[in-house]
Number of protein chains: 2
Amino acid sequence: MAEHIITFDNDTPPVTAQTGTLLSEVIQGAAMTLNQPCGGQGRCGRCAVRVTGGTVRSRSTLRLSAEDVAAGYVLACQAVVESDAAISIPPQEKIERLLTTDLVSAEVEVPAGYDPRKAQNVRRVTLTLPPPTMDDQTDDWNRLLTALRQQADFGTVQASLEQIQGLGGVLREGDWQVTATLDAERWDCPGCPARLIDLKPGHTASEMPLWGIAVDIGTTTVTLWLVDLLTGKVMAQVAEYNGQIARGEDVISRVIYAGKNNGAAELRDLVLTTINTLLDTACKRVQAQPADVVKVVISGNSVMMHLLLNIRADSIRLSPFVTAINDIPTLAGREVGLNTHPAATVDCLPGVASYVGADITAGVLSSGLIDTEAVTLFIDMGTNGETVLGNRDWLVTCACSAGPAFEGGGVLDGMRATKGAIEEVWINGTTFEPTFRVIGGVKPRGLCGSALIALLAEMSLTGVMDKGGHINTHRDHPRIRTGEHGPEYVVAWANETAHNRDIVITNVDIDNLIRAKAAIYAGFSVLAERVGVPLETAEQVLIGGSFGKYINVEKAVEIGLLPDMPWENFHFLGNTSVRGAYLALLDREARARIQASAARMTYIELSADNTFYDAFTSALFLPHTDLSRFPSVQAAIVS
Amino acid sequence: MAEHIITFDNDTPPVTAQTGTLLSEVIQGAAMTLNQPCGGQGRCGRCAVRVTGGTVRSRSTLRLSAEDVAAGYVLACQAVVESDAAISIPPQEKIERLLTTDLVSAEVEVPAGYDPRKAQNVRRVTLTLPPPTMDDQTDDWNRLLTALRQQADFGTVQASLEQIQGLGGVLREGDWQVTATLDAERWDCPGCPARLIDLKPGHTASEMPLWGIAVDIGTTTVTLWLVDLLTGKVMAQVAEYNGQIARGEDVISRVIYAGKNNGAAELRDLVLTTINTLLDTACKRVQAQPADVVKVVISGNSVMMHLLLNIRADSIRLSPFVTAINDIPTLAGREVGLNTHPAATVDCLPGVASYVGADITAGVLSSGLIDTEAVTLFIDMGTNGETVLGNRDWLVTCACSAGPAFEGGGVLDGMRATKGAIEEVWINGTTFEPTFRVIGGVKPRGLCGSALIALLAEMSLTGVMDKGGHINTHRDHPRIRTGEHGPEYVVAWANETAHNRDIVITNVDIDNLIRAKAAIYAGFSVLAERVGVPLETAEQVLIGGSFGKYINVEKAVEIGLLPDMPWENFHFLGNTSVRGAYLALLDREARARIQASAARMTYIELSADNTFYDAFTSALFLPHTDLSRFPSVQAAIVS
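Residues numbered from 1 in each chain as written. Chains lettered and ligands numbered in written order. Predicted model: local features only at pLDDT ≥ 70, side-chain atom pairs only at ≥ 80, totals over all residues.

Attention now moves to the interface of chain B and chain A. Listed per partner, the contact involves 39 residues of chain B and 39 residues of chain A. Of all the secondary-structure elements, those providing two or more residues to the side of chain B that touches chain A are α5 (140-152), α6 (161-173) and α10 (314-317) of chain B. Per-element accounting of the side of chain B that touches chain A gives the leading share, six residues, to α6 of chain B. Residue composition of the side of chain B that touches chain A, grouped by class: 20 nonpolar, 13 polar and six charged. (Contact = placed C-beta atoms within 7 Å. Helix = DSSP H or I, 4+ residues; strand = E, 2+ residues; numbered from the N terminus. Nonpolar A, V, L, I, M, F, W, Y, C, P; charged D, E, K, R; others polar.)

Spelled out as structure tokens, the structure:
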């Protein structure tokens, strides 16, 4: 096959590529980073580059305007090399740093009565061994086992080859005094021997805190809490975007990316870098060493868990949508690739199904759902819209595949809830002029989820659009117009914005948003119907997920995203996933309860459920085709 | 520090070295191989090199003659660089290839009634899984577990992360048919979950033999048997010198070498190369792949076991002589560094003490000692002279540190029992002229153990030397003379030998041999005395170790090496260590019996035992100071 020379307009040296090579691969091969939020499917348009010399063959130009195409723009993931070519790489949109205050709670309360001696399976003990003599030639390992049995009540203990290799040195360096850290009881193998995690010479190490971390791997954000296992106190909370974001914004894009070439290894490395960087940051705050962390509990959705461990995830994406494994055995820090103690116990919390993962089982525990008598609706308000209905006696769950609309995906001017995002909007019913509030108080760059909910509610209420989501283009108003993508409403004029372009919401955006809210509401309906409990009789709604924190309940009810209930029944809980991991980190009993609840949760696969399609269709209206389900909204319309 | 340039008289390019660097390190740093049988202690004289330019400072010239020193010879391990120097490397003595017939039995009998379904803990099963559907979204791992439970009766099963990573692919590639290999019952953790070793798509793999290997790591020789675990048949037997020999001939030299710089890693690599090469050779004979071997049982003395696993062995050498570990947990092929299946079960048999290792516990099983009512003396006739006295009810053991004299070490013309070694000698009582037999029927190069035993007996019997081991130099005979090392007897004249030098035995050699035989016999005496059983009442003597095969019992009794008993009471068993490993490979019950016997063996540390010194001193005479212990010899002398 012919080889071609590809040159770039930046400092990157030219590279060669064969006919037929994807331009995105050529660019990554030249060691440039290319954002591919959709995982290289040609859907997001973020990998656009300009061909300034030579020719490439382009399969798709979705998301590129006619002008862009005329100017030579192509999607790098959809264009293949045909000749020598010169490529201009536009500066790519950088993901803004998170506002850490959005993600870190002020202080986490230690569970009442926490007693590490009862709850904690990781234990540290100091031992004084009798030195060997000519009359007592017991081998080092048995000498240690005897001391563990006699001085610390450990029956049988296992060590790794690496630990045995260093054993003689440690015992003698400490002059037969040692500090041992052990995992006394493996959650996945009760009755199995205790496992030696660490052995240090002398007794001085016993004065250090016993460190553990709780980690939530979100598709968007990774959160890590550093915990003193002896007091139970969270000593540092840190969060950062998941480094995988540039390789796909949603779980499906990530699974697709993982299936390509070296994609799985790359995604694994990206999230490991994120976690290890967070670990480092957290440790620096309290002058600890990452290698002193001896216990890890990880939560996250099933795709995140598979990608972290480089487990094949294709089957999650393809019918009949099964995971490789829901309940992962205990691993060691070294195996996972964490910079903790190499033998740290790593416990990945169990999931239920492809789209109801450990983040949900952790949330079911930490939200208190499994302790309450009250019939409760628990929602992780994100892309997958995982929902659990139940109480301490029964639990049903589903994922309703809402899509990323409320996180700004598939919405022309959508963005995440970071600095520069419009987060709240009001529309004057007479003038149709909007007022808005921007995160960080700066000029706006786009619309985040809460603004989109508010816009839908306000546009519907003021008649800017009808209950079916169609913008009333017959109204003669400068903000209501027909743009490149059809009818649209202008939220901010170019001279008000950070990028000097109008910020709009289009009919296509609205359609996506209505489909998303309909999917979530239909999920609720199906769960309620399946167990024969009217949705209205749910006594409380617990909302988890960081996205949940921005929702204005009134407006979410107005558009039919949340069920119509008294506001006091709604509780926003923030990151219930990391909190569940934290509880499991402290208490093996909590860990056992998560596993037991995962085992008894009834999972309902909506894509195989006819009632879901009916419920979804009925919900494609603001708030709903059956207005009797939304009495407060009905009352407001009548008044 | 000053840097000097060291040049060589062969193709090796010059290297630089700082003042004070050991010449042996300089030479190895220049990528030349230097024999150091004594581990670099300046004892063996094998690393002699000639300094032809510049100067080096030499700490010791032991084993070099005055002429050698005058000619510029130094011991590389005892000489340090002081200036630029030119070094001449003499061609070093190569270790001859083993005569494989010496080491490989014709055919090994499979234990009567061997039934892998009862005895074998490694099992292979074929499974047919129901494919997932929208109504059955069980994760892959649980689907496999259910099939293992329902179709093969496995309760709980553990897999490694690597196996889980590949799980989805294997299940789908085989269209939900798989062949699984499992370790059903871990000897070191009864009640623990079964462990998945291998999972292959389809049912075709089930037609292959289930391969296992039994390995004996001798200080000198490594022996490997490739076994079909379903029939129990040994399908290939191979043996080769332990690659560590060039770094020390005995265990103490190896431990010393392991303590230097990168010594431990080097020794580990050397023995691994030996084992993996043997594995390859054995597999080629039966058209198997090393990666198909799923179970390994390893035997060997405690030092060999520590060095194989890179476990610190210093404490074995230093008082109070303790091992790091006697009973090593189950390992995987990958951890050990074997080219078997990476997840193969590797079971290292348990030892008892620093100088009574797994080779002895394996021998106690395979020799039948633990099954017999008869009081039995079991000897591994090698450097360490490990001895066990007992029967099925009681066992006492010791190691008597005989030294390598009977293996040719510390004997001027000593060598191992390979081609060119004189293996049998007779001396005419009138003419004092010897007759001898040479292994391989070639011109002789030296004397092996059986020849040394015969020489001692014949020289004593004919009066060439007295019962105290002193050569009668007053006899006027050309073969009796005083050489550079004192009095000596010429066994072969230069014109008869392969290297055109006289082959002699010196008074120093004889002294070493008498000390060795005295140590072994004193060991027997102490064991007998300790349990209050006269040595003479032992009903049989079982002799293991490949060295044992060459001994002439009559002559060994004549010199007082073996106790005086009817010849029919002596049984030569060959390599009892590999045979014990083979039995443990086949049968978990045999494995359990080895462990139980190791646990109940009473170890007697001779270096802490005053009676040993007395017994040793009494035995420094041919056959013994107390002639009443050797009635048959007494009778022969009288007659």
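With that out of the way, let us pick up the sheet that holds strand β9 (residues 194-201) of chain B. Residue and element names in this part refer to chain B. Strand order in the open sheet made by the four strands is β6-β8-β9-β7, with mixed pairing throughout. Looking at which strands have only one partner, the edges of the open sheet turn out to be β6 (122-128) and β7 (157-158). Pairing of β6 with strand β8 (residues 177-183), which is carried by seven bridges, proceeds in the antiparallel orientation. Bridge pairing in β8 places R124 opposite T181. (Pairing = 2+ DSSP bridges.)

Right, let's talk about the environment of G468 of chain A for a bit. Relative to the helices and strands, G468 of chain A resides in the loop between α13 (449-461) and β22 (480-483). Linking G468 of chain A and L620 of chain A, residues 152 residues apart in sequence, is a C-alpha distance of 7.2 Å.

Of the transformation superimposing chain B on chain A, the axial component is 0.0 Å and the angular component is 180 degrees, with the fit at an RMSD of 0.2 Å. Taken together, these values place the two copies in the relation of a two-fold axis. For chain B, the residue whose C-alpha comes nearest the rotation axis is C192 of chain B, separated from it by 3.0 Å. (Least-squares fit on C-alpha atoms with pLDDT ≥ 70 in both.)

As a further point, take the domain arrangement of chain A. Residues and elements named next belong to chain A. The assigned domain composition of chain A is domain 1 (3-88), domain 2 (116-207), domain 3 (211-348), domain 4 (363-404 + 517-633) and domain 5 (405-513). Taken over C-alpha atoms, the centre of domain 4 sits 27 Å from the centre of domain 5. With 16 residues of domain 4 at the contact, the number on the domain 5 side is 21 residues. With three residues, the top contributor of residues to the side of domain 4 that touches domain 5 is helix α15 (residues 553-558). (Domains from an automatic or database assignment.)

Residue and element names in this part refer to chain A. Orientation of helix α12 (residues 358-366) relative to helix α16 (residues 576-586), taken along the N-to-C sense of each, is 75 degrees, at an axis distance of 7 Å. The orientation of α12 with respect to α16, classified from their angle, is roughly perpendicular. For the pair α12 and α16, contact is made by D359, A362, G363, L365 and S366 and by T576, S577, R579, G580, A581 and L583, respectively. Considering only residue class, the contact of α12 with α16 consists of four nonpolar, five polar and two charged. (Axes fitted to C-alpha atoms, helices over the stretch in contact; angles between N-to-C directions. Parallel < 35°, antiparallel > 145°, perpendicular 65-115°, else oblique.)

The subject of this paragraph is the environment of A519 of chain A. Residues and elements named next belong to chain A. Residue position: A519 is located in helix α14 (residues 507-531). Since 23 C-beta atoms lie within 10 Å of it, A519 is described here as buried. With 118 residues separating them in the primary sequence, A519 and S401 have C-alpha atoms 6.9 Å apart. Residues in contact with A519, not counting those within four places in the same chain, are G385, C400, S401, A402 and F616. (Buried ≥ 20, exposed ≤ 12 C-beta atoms within 10 Å, placed from the backbone.)

Looking now at the sheet that holds strand β21 (residues 446-447) of chain A. Working definition: the strands of a sheet are paired by backbone hydrogen bonds and lie parallel or antiparallel to each other. All names here are of chain A. A sheet is described by the order of its strands in space; here three strands give the open sequence β20-β19-β21, paired in mixed fashion. Single-partner strands in this sheet number two, and they are β20 (434-438) and β21. For strand β19 (residues 421-427) and β20, the ladder comprises five bridges, and the chain directions are antiparallel. Within β20, the position partnered with E424 by the bridge is R437. α13 contacts β19, β20 and β21 of the sheet and is inclined by roughly 15 degrees relative to β19.

Let us now look at the pairing of strand β3 (residues 48-58) of chain B. Residues and elements named next belong to chain B. Relative to strand β4 (residues 73-75), β3 is paired through three bridges, and the arrangement is antiparallel. Pairing of V49 across the sheet is with V74, part of β4. Where β3 meets strand β5 (residues 79-88), seven bridges bridge the pair, whose relative direction is antiparallel. Residue pairing across strands places S58 opposite A79, the latter belonging to β5.

In this section: unusual backbone geometry. Omega for the bond connecting S319 of chain B with P320 of chain B falls within 30 degrees of zero, at 5 degrees, which places this linkage in the cis form. With respect to the helices, strands and loops of the structure, P320 of chain B is situated in the loop between α10 and β14 (331-332). With an omega of -5 degrees, the peptide bond between L622 of chain B and P623 of chain B qualifies as cis. Among the secondary structure elements, P623 of chain B is positioned in the loop between α18 (610-618) and α19 (631-638). Positive phi is not limited to glycine here, since F432 of chain A has a value of about 60 degrees. Its location among the elements puts F432 of chain A in the loop between β19 and β20.

What follows covers helix α18 (residues 610-618) of chain A. The periodicity of an α-helix, 3.6 residues per turn, causes residues three or four positions apart to be oriented the same way. Residue and element names in this part refer to chain A. Of the residues making up α18, those classed as buried are F612, A615 and F616. Looking straight down α18, one finds that the buried residues subtend no more than 100 degrees of arc, so they occupy a single side. Those residues of α18 that are exposed and aimed more than 90 degrees away from the buried face are N610 and T617. Here the buried face of α18 lies against α14. (Arc of directions from axis to C-beta.)

This paragraph deals with helix α7 (residues 251-258) of chain A. Residue and element names in this part refer to chain A. For α7, a buried count of eight out of eight residues is recorded, marking the element as mostly surrounded by other parts of the structure. For α7, the set of buried residues is V251, I252, S253, R254, V255, I256, Y257 and A258. If you follow the buried residues of α7, they end up packed against α8 (263-285), α9 (302-308) and α10 (314-317).

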